[in-house]
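# Geometric and topological summary
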Amino acid sequence: MKAGVCSHLGSEPVCSTSQVFVALHTCFFWSSVDQAVGGDMLCCELQAANGRSSYSHCPGSHNLSSFKGLRPRPVLRHLSKSAAPGTKSHRTLTVEAVKTPVNGAVGNNSTSNGNDAFDKVSVDELDAFDPSTNNKPLTPLLDTVNYPVHIKNFNRRQLKQLCKELREDVIYNVSSTGGHLGASLGVTDLTVALHYVFNAPEDKFIWDVGHQAYPHKILTGRRSRMPTIRQTGGMSGFTNRAESEYDPFGAGHSSTSISAALGMAVARDFKGRKNHCVAVIGDGAITGGMAYEAMNHAGFLDKNMIVVLNDNQQVSLPTQYNDQQQAPVGALSGALGRIQANRPLRELREIAKGVTKQLPEPFQEATAKIDEYARGMISGSGSTLFEELGLYYIGPIDGHNLDDLIAVLQEVKTTETVGPVLIHIITQKGKGYAPAETASDKMHGVGPYNPKDGKSISKPSSKPKVASYTNFFADALIAEAERDSRIIGVHAAMGGGTGMNRFQKRFNSRTFDVGIAEQHAVTFAAGLACEGMAPFCAIYSTFLQRGYDQIVHDVCLQKLPVRFAMDRGGLVGADGATHGGAFDITYMACLPNMVVMAPSNEAELIHMVATSAAIDDRPSCFRFPRGNGLGLDLAAEGIDPKTLKGTPMEIGKGVVRRGGKDVALLGYGSTLVQCLEAATMLQKAGVSATVADMRFCKPLDTGLIRQLAKEHSVLITVEEGSIGGFFSHVATFLSLDGLLDKGLKIRPMTLPDKFIEHGSQSDQLAEAGLSAYHVAASAMSLLGKPKDALLYA
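Bear in mind that the values here come from a model prediction, so they are computed numbers and not experimental data.

### Overview of the state of the cysteines
Counted under the stated rule, the structure contains zero disulfides. In this structure C697 is not part of a disulfide, and its nearest cysteine sulfur, from C621, lies 8.8 Å away.

Below is the structure:
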């Protein structure tokens, strides 16, 4: 090959043979292969002297006929410059595929984001929705769809209409049941595009996390069950393998999808199959370290799989990083995303890689680096990171432009190359529903609401409204922080759910949202404790499981005073098994040096916040349930209702709430309510029951337990936790103290050895056998009155 001469720079030589290979290997784009042969192409001149590379237009007079498999395809036409949804300062070039049939559909393109008014539900349409009169939205197209195969012959206009009807159906159904609304509205267009291009269930879609899968459920044979979602005996609010073959992987916790998809891709190759594995992960979930571990492994294995990064600039609930208007992941050009998705380009890169392998090793390394960094310079900083991990980066794409989504997915699906691909799409959480779009949390998780305006519908009650346990915790922590400047709040992308947003409003500089990264949160708090700060790590019980090694090794082993506030301890109702706090009593109380507490009401919670703040020589934790407090007179409990400042409790001491002589009921945490109700039932049957509020699992109040064991013939422990928790510690003490040697009867009442699925909390308690009736029946049975026990069955 001769050195080329650039038409723009006169007679300056610009391309040597090695530079041609570099240009081929670098991801530059010709609008078609015919134009690449004999047309202008971009090439890179490596300036070895200063380590920089410059770009110039060079004649593409090189013969590419030897590269087999490349053939002309429909070109991508530039339309107009427009801002990507959700961005302010970054401009993208919106592009559109030529009207070419895809899967038999007739192209029907439009301007704007490609969807005209199909991505909005109008005020007039919302006014027609009325769940109370069963006045459903009109969905003539959706009514013809039972499974994804039914949308394969839709044209583009029909697909866009389907997106609108899907949004309306989600808005209508969730208005009655409650659930995760914003995330599902944000991925409606993506869901339709995925099911249109790919062939589920042979192709695997792994949603991370499953609460964005409502449109997916509707399109996969479950529309008729949407009114039961998150209800007792109804459909799960998350993806669930037992529910449908279209749900290949269950997901209620984040950052797992890429690992699961990679495992499925490896299994596919072992079996000699050709199906696709697609992980859909949000910009919040990708902050979890597990996602990067999976991408690193995927890049190493170089398996064919697709990762869709759904970037909506929301994690789960708004974080302080969103408040600061942090740029979305990558902040890259949509036009170049479409260009980079072009199949001839990717195949040409693969061919160029093969060619460069014939060159000396230094040339191979140089061309690889030029490819990597040139794409980084074109696409932005984010793409270089993903390329470093071994994923081919495409994006960002307007996630609400159905034409673009289908074109890119189609290209990625049909390209004959090897290795993982990451497609970065920009979406708007709550898209198409004005109340969700304007809400601070994008209506992430909602109860029943009026579909016309999105306002919550609360059930009428004669009782005065009591604050949630979460808010009692947050306000009590604020009260402590007012008096102790060392107190720091730490949470993992759950400021709203844990109450830390309330704390942040008062102490912005003392609140840290670490993203969906529980492991980091725990060790970050340990580092704070090392330097004399008083960190409170507020994480749901179910999510704290993800940071367990750090609790053991980084906190307990070093006896660091990190305080763990474990919200959602116990059964959680509609969120079901994925979010239930079943195991924290067991996994925390088995650790040396850890103080383990559980309040029976809001007053005790306030006091336990003060207690934990005062414990400065070892770690401590306390759990509290989902839901509202009992409505106690806080002043009578020694708490100023204005400040909610608590008083430190004596560590390891319980209290008797009701005296008796026949049976002792030892309640731990919120189960004290059932114990007191059971005692009242038993009294009517002539049985006298003592009720003890144990408060501490570790250290145990051994003095109180010894006294109760000596004064009663029957002891029953009641806890809303798994086997191996509070009862295990009580039984161990009774055994070692010899209190079981003289005929004392003891029985544990714990959560059963199974996962309790979604439903109302009262239904879940009944299924678990932990209602007041179950407690009373157990007491009657142990007292030798089995017939009387049947009265409570």
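### Regarding the side chain of D575
Its place among the elements puts D575 in the loop between β15 (563-566) and α23 (584-589). A polar atom in the side chain of D575 sits 2.6 Å from the side chain of R230. In this structure the side chain of D575 is engaged in a polar contact, spanning 3.2 Å, whose partner is the side chain of R626. In this structure D575 touches H180, R230, F238 and R626, once residues within four positions along its chain are discounted.

### Focus on the packing of helix α6 (residues 188-197) against helix α15 (residues 402-414)
Each packed pair of helices is defined by two parameters, the angle between the axes and the distance between the axes. Where α6 meets α15, the axes come as close as 9 Å, and the angle between the chain directions of the two elements is 40 degrees. Looking at the two axes, α6 sits oblique to α15. In this structure, the crossing between α6 and α15 has a hand that is right-handed. Together, D189, L190, V192, A193, L194, Y196 and V197 of α6 and L402, L405, I406, L409, Q410 and K413 of α15 make up the contact between the two elements. Among the residues forming the contact of α6 with α15, the class breakdown is ten nonpolar, one polar and two charged.

### A few points about the sheet that holds strand β18 (residues 655-658)
The strand order across the open sheet formed by five strands is β18-β20-β19-β22-β23, and the pairing between neighbours is mixed. In this open sheet, the two edge strands, each paired with only one partner strand, are β18 and β23 (745-749). Adjacent strand axes in the sheet meet at a mean angle of 25 degrees when their direction is disregarded. By the bridge criterion, five bridges tie strand β19 (residues 663-667) to strand β20 (residues 689-693) in an arrangement that is parallel. In the strand pairing of β20, V663 is matched with A689. Across the sheet, helix α27 (residues 726-736) lies against β19, β22 (714-718) and β23, angled at about 165 degrees from β23, the strand it touches most.

### Section: the sheet that holds strand β14 (residues 534-538)
Spatial ordering of the open sheet is given by β13-β12-β14-β15-β17-β16-β21, a layout of seven strands whose pairing is mixed. The sheet terminates laterally at β13 (511-513) and β21 (696-698), the two strands that pair on one side only. Taking the axes of each pair of neighbouring strands and ignoring which way they run, one obtains an average angle of 20 degrees across the sheet. In terms of strand pairing, strand β16 (residues 595-597) meets strand β17 (residues 620-623) through three bridges, oriented parallel. Along β17, the bridge assignment pairs M597 with F622. Its contacts with the sheet put helix α17 (residues 469-483) on β12 (487-491), β14, β15 and β17, and the angle it makes with β12 is roughly 150 degrees. Packing against the sheet, helix α24 (residues 602-614) makes contact with β12, β14, β15, β16 and β17, and its axis sits at approximately 170 degrees to β17.

Calculation criteria
- Residues numbered from 1 in each chain as written.
- Predicted model: local features only at pLDDT ≥ 70, side-chain atom pairs only at ≥ 80, totals over all residues.
- Heavy atoms only, no water.
- Disulfide = S-S within 2.5 Å.
- Helix = DSSP H or I, 4+ residues; strand = E, 2+ residues; numbered from the N terminus.
- Polar contact = N/O pair within 3.5 Å; in protein donor to acceptor, adjacent residues only side chain to side chain.
- Contact = heavy atoms within 4.5 Å.
- Axes fitted to C-alpha atoms, helices over the stretch in contact; angles between N-to-C directions.
- Parallel < 35°, antiparallel > 145°, perpendicular 65-115°, else oblique.
- Left-handed = near helix turned anticlockwise from the far one by under 90°.
- Nonpolar A, V, L, I, M, F, W, Y, C, P; charged D, E, K, R; others polar.
- Pairing = 2+ DSSP bridges.

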